[in-house]
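Listed below are the residues making up each chain.
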Amino acid sequence: MFDETYTLNNGVKIPKIGFGTWMIEDNDDAAKAVETAIKVGYRHIDTAEAYGNEIGVGRGVRNASVPREDIFVTTKLQAEFKNYEEAVAAIDRSLTDLNLDYIDMMIIHSPKPWVEFQNDERFFEGNLAAWRALSEAQAAGKIRAIGVSNFDEIDLQNILDNSDVKPAVNQVLAHIGNVPFSVFKYAQKHDIQIEAYSPFGHGEMLKNDNLQQMANKYGVSVAQLGIRYLLQLNTLPLPKATSEAHMTANATVDFTISDDDMAMLNKVTFNDYGEFSGFPVYGGTLD
């Protein structure tokens, strides 16, 4: 699995599975987790300015016994930065905090500031300003590919209509029971790679008895079933784990879900995120 890649619309190759670092807030912990993930075999590391762990992630990448050019590092421009000057400064700050010569991919974390996530304002002009900053950084060689996250079709169309640079990816919430198929279809039409964050529904999915029964049929865990499902939808899953055993298991998905079972999984409805339901991406709001 670690050797397989997708080719983005600008020709850059990206590993088909990534290692997520959301909620690993301590930089020492982040560095250790990244080093371990790379030792296990991951070559795609995902972080964000908002995670507060770019310093640790960069240290983990630099300390790994793998050449820098063999590791794909993604970070995200903060959702609140909706003007050109803020975006330019943030890009340079991420380069400094990561302490890397370049970033493989940087994406706009959200089309809206988090406190506005459930509101109707689309921030079209602000997103175009942020996109211009990312495009210029890419042209300057600071970033190899640029993209977006949490964008709906209307947000993507705003970029496509007003820029010559197409988003390489759209990173969205996607897991068994909660898949934005309309966004998937739109992205495929425009050659935009879908990445799937929270592939386990922030852990709540793993408690589902019906999914456990199907996982047992294939001799795998619910987590492995979830990763394989997303791969068969041609998405790029970003699982997070803290133990080496779980890191390894999450990428041990060399089985195939049957067409009938895929059709069944496509009909599952599940959007309970337990104690994490307050996060905007899970339907909550921030004061």
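Computed from a prediction, not measured in an experiment: that's the story for all the values here.

*Asks:* Could you give an account of the layout of surface pockets, with specific residues and numbers?
*Replies:* Put simply, the largest pocket is a space of about 860 Å³. Along the wall of the largest pocket there are 37 residues; nearest its centre are Trp22, Met23, Ser198, His202 and Lys240. Of all the elements in the fold, those that place two or more residues in the lining of the largest pocket are α8 (222-232) and α9 (244-250). Looking at the lining of the largest pocket element by element, the count peaks at 3 residues for α9.

*Asks:* I'd love a proper account of the environment of Arg59, names of residues and values included.
*Replies:* Counting through the fold element by element, Arg59 comes out in helix α2 (residues 54-63). Judged by relative accessible area, Arg59 falls into the partly exposed class, the value being 26%. For the pair Arg59 and Asn27, spaced 32 residues apart in the sequence, the C-alpha separation amounts to 8.6 Å. When residues no more than four places from it in sequence are discounted, the contact partners of Arg59 are Asn27, Asp28 and Ala31.

*Asks:* Can you tell me about the sheet that holds strand β6 (residues 103-108), naming the residues and giving the values?
*Replies:* Reading across the sheet, the 8 strands line up as β3-β4-β5-β6-β7-β8-β9-β10 and stay open at both edges, with parallel pairing between neighbours. With one partner strand each, in any of the chains shown, β3 (19-20) and β10 (236-237) form the two edges of the open sheet. Judged from the 5 bridges that link them, β6 and strand β7 (residues 143-149) form a sheet pairing that is parallel. The residue of β7 that forms the bridge with Ile107 is Gly147.

*Asks:* An account of the packing of aromatic side chains is requested, with residue identities and associated values reported.
*Replies:* The final tally for this structure, using the stated rule, is 10 aromatic pairs. Considering the side-chain rings of Phe181 and Phe184, the 6.2 Å spacing of their centres and the 65° angle between planes classify their relative orientation as edge-to-face. Here Phe181 pairs with Phe184, and both are found in helix α6 (residues 181-189), just 3 residues apart, close to one helical turn. Overall, the relative accessible area of 36% leaves Phe181 in the partly exposed class. You can call Phe184 buried: its relative accessible area is 10%. Arg68 extends its terminal NZ or CZ atom over the ring of Tyr102, reaching a point 4.1 Å from the ring centre. A cation over an aromatic ring shows up here: Arg132 above the ring of Tyr84, its NZ or CZ 3.8 Å from the ring centre.

About the thresholds
Residues numbered from 1 in each chain as written. Predicted model: local features only at pLDDT ≥ 70, side-chain atom pairs only at ≥ 80, totals over all residues. Heavy atoms only, no water. 1 Å grid on protein atoms, 1.4 Å probe; cavity = no way out; pocket = protein on both sides within 12 Å on 5 of 7 lines; lining within 4 Å. Points joined across faces, edges and corners; volume = space filled by probe spheres on them. Helix = DSSP H or I, 4+ residues; strand = E, 2+ residues; numbered from the N terminus. Buried < 20%, exposed > 50% of the residue type's maximum accessible area, 1.4 Å probe, protein only. Contact = heavy atoms within 4.5 Å. Pairing = 2+ DSSP bridges. Phe/Tyr/Trp six-rings, centres within 6.5 Å; stacked < 30°, edge-to-face > 60°. Lys NZ or Arg CZ within 6 Å of the ring centre and 35° of its normal.

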